[in-house]
Amino acid sequence: MSDILLSRDEAERLARVIIDDIKLYNSRYLHARGATSARDVCADAIDEGRAFFRQRVDSSLHDIYESLLAELESAPRGTSIHDAQLVLIGSRVTARGARLG
């Protein structure tokens, strides 16, 4: 078994990789989800990712996965996952990728 991650930076990096994987492999469903939440559309993948994260990370850092998962949930409905990621990257980019002011 691999070592448990104790660093907050390493745990956050692992959580981002897991969540990016969920976005990548479920992008078609997330894009078309309409009124359905991302948690409903990807429940199995989210639960599997959570279990993997908890196996690899110290329990004091388990909240990182949930907080980054909230970014997935807050992605605007009807936009592609790529466009939604732009919103999360910086406040000067809108959900449609157009630069503000």
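(A) Broad picture of the overall build of the protein chain. When you go through the protein chain residue by residue, the secondary structure sums to 5 helices and 0 strands. Along its sequence from the N terminus, the protein chain presents helices and strands in the succession α-α-α-α-α. Within the protein chain, buried positions represent 33% of all 101 residues. Sequence-distant contacts in the protein chain: of pairs separated by 6 or more residues, those separated by 24 or more amount to 57%.

(B) Inspection of the pattern of salt bridges at higher detail. Applying the stated rule across the entire model yields 5 salt bridges. Of the charged contacts in the structure, one is a salt bridge between K23 and D20, with a shortest N-O distance of 3.7 Å. With K23 and D20 both in helix 1 (residues 8-31) and 3 residues apart, the pair spans about one turn of that helix. Overall, K23 belongs to the buried group, its relative accessible area being 8%. Here D20 falls in the partly exposed class, since its relative accessible area comes to 39%. Between E66 and R50 there is a salt bridge, with its nearest N and O atoms 2.5 Å apart.

How each quantity is defined
- Residues numbered from 1 in each chain as written.
- Predicted model: local features only at pLDDT ≥ 70, side-chain atom pairs only at ≥ 80, totals over all residues.
- Heavy atoms only, no water.
- Helix = DSSP H or I, 4+ residues; strand = E, 2+ residues; numbered from the N terminus.
- Buried < 20%, exposed > 50% of the residue type's maximum accessible area, 1.4 Å probe, protein only.
- Contact = heavy atoms within 4.5 Å.
- Salt bridge = Lys/Arg side-chain N within 4 Å of Asp/Glu carboxyl O.

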